[in-house]
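Letter by letter, the chains look like this.
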Amino acid sequence: MTQALARSRTVVAALGFGLLAAVLFGFSALSAEAQTAPFTTQMQVGSRGSQVTLLQQSLASNPNFYPQGLVTGYFGALTRNAVIRFQQFYGISPVGRVGPQTLAKLNQIYGTVSTGDINAPLFLSANVSMSSTTAVVSWTTNEAATGRVYFSTSPLVYTEALVGAPTVSGNSVATDSISRTSQSVSLSGLSANTTYNFMVVVTDPSGNVSVTWPSTFRTNAQ
């Protein structure tokens, strides 16, 4: 009993680290209210913060520029590609970073940004409990969403989708079809005393997606 409790606490700690990483990357940390602010900062791969969030919100309003529409507050490869498309469309050298010329054009086009719900659900809590052959994964989010748990004894492979939810390798178990702020799924038919890789992908009614970092849990011995 003590050993099983220790394992459960280890899983919660591991998943908590993943959730912390998601929060640090700004998944859905902002409200869905209209945002109004000028662009004032040059940005490139590795940049973080509210200016990157505003950039992503702005580019996401045009699927031709940013079809993924992920608003994370982190300037990564997807944002760089979106900036390149924006630059190509407006005849700016497609360098993939926001310099003076791109900054001026962004302010001209998106000086006032008004958007609907383009923010993904934010994970508030998560927990895993397990026996020798089953596990229950539960979580809460700041807005109603459906979810899917992916799991496998092999490392999960995560691939960004052009639009909507990502592609994840491994088995999957979905929540019910009704969006909720609290979800729980049961994984059955597991092997005893075995380590499983898993991650959770949630989607709100507007199609915005958020994920936990891949984590692990180990089933109890028989």
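Refer to the structure above for everything that follows.
J.: I'd like a rundown of the pairing of strand S7 (residues 195–203), residues and numbers included.
T.: Taking burial as the measure, the nine residues of S7 include seven buried ones, the bulk of the element. Note: strand S2 (residues 135–152) against S7, seven bridges, orientation antiparallel. Bridge assignment links Arg-148 to a residue of S7, and that residue is Val-201. Direction of pairing for S7 relative to strand S9 (residues 215–218): antiparallel, over a ladder of four bridges. If you follow Asn-197 over to S9, its bridge partner there is Thr-216. Of the pairings in the sheet, the one linking S7 to strand S8 (residues 209–211) comprises three bridges and is antiparallel in character. In the sheet register, Val-202 faces S8, and the bridge partner there is Ser-210.

J.: Tell me what's going on with helix H4 (residues 100–110), and back it up with residues and numbers.
T.: Among all positions of H4, only Thr-102, Leu-103, Lys-105, Leu-106 and Tyr-110 are buried. Buried residues along H4 cover an arc of 165 degrees about the axis, so they all sit on one side. Exposed side chains of H4 directed beyond 90 degrees from the buried face belong to Pro-100, Gln-101 and Gln-108. Tucked inside the fold, the buried residues of H4 contact helix H2 (50–60) and helix H3 (77–89).

J.: Break down the packing of aromatic side chains for me, with residues and values.
T.: In this description, an aromatic ring pair is defined by two values, namely the gap between the centres and the angle between the planes. The final tally for this structure, using the stated rule, is eight aromatic pairs. Taken together, a centroid distance of 4.8 Å and an interplanar angle of 50 degrees make the contact between Phe-86 and Tyr-90 tilted. Centroid distance Phe-86 to Tyr-110: 6.2 Å. Interplanar angle 35 degrees. Geometry classified as tilted. Here Phe-86, found in helix H3, pairs with Tyr-110, found in helix H4; they are 24 residues apart in sequence, far enough to count as distant. For the pair formed by Phe-86 and Tyr-110, the shared burial category is buried. By the ring-pair criterion, three or more aromatic residues cluster together here, those being Phe-65, Phe-86, Phe-89, Tyr-90 and Tyr-110.

J.: Which residues make up H3, and what values do they have?
T.: With 13 residues, H3 extends 19 Å between its outermost C-alpha atoms, agreeing within 8% with the 18 Å of an ideal straight helix rising 1.5 Å per residue. What H3 keeps buried is the set Thr-79, Ala-82, Val-83, Ile-84, Phe-86 and Gln-87. On its buried face, H3 sits against H2 and H4. Just past H3, the residue Gly-91 takes up positive phi, approximately 70 degrees.

J.: So, the environment of Arg-85: which residues are in play, and what are the values?
T.: Within the fold, Arg-85 resides in helix H3. A relative accessible area of 28% places Arg-85 in the partly exposed class. Remark: the alpha-carbon pair of Arg-85 and Tyr-66, spanning 19 residues in sequence, is separated by 8.1 Å. The contacts of Arg-85, once residues within four sequence positions are left out, are Asn-64, Phe-65 and Pro-67.

Procedures and definitions
- Residues numbered from 1 in each chain as written.
- Predicted model: local features only at pLDDT ≥ 70, side-chain atom pairs only at ≥ 80, totals over all residues.
- Heavy atoms only, no water.
- Buried < 20%, exposed > 50% of the residue type's maximum accessible area, 1.4 Å probe, protein only.
- Helix = DSSP H or I, 4+ residues; strand = E, 2+ residues; numbered from the N terminus.
- Pairing = 2+ DSSP bridges.
- Arc of directions from axis to C-beta.
- Contact = heavy atoms within 4.5 Å.
- Phe/Tyr/Trp six-rings, centres within 6.5 Å; stacked < 30°, edge-to-face > 60°.
- Expected span 1.5 Å × (residues − 1).

Read these as spatial facts, not as claims about activity.
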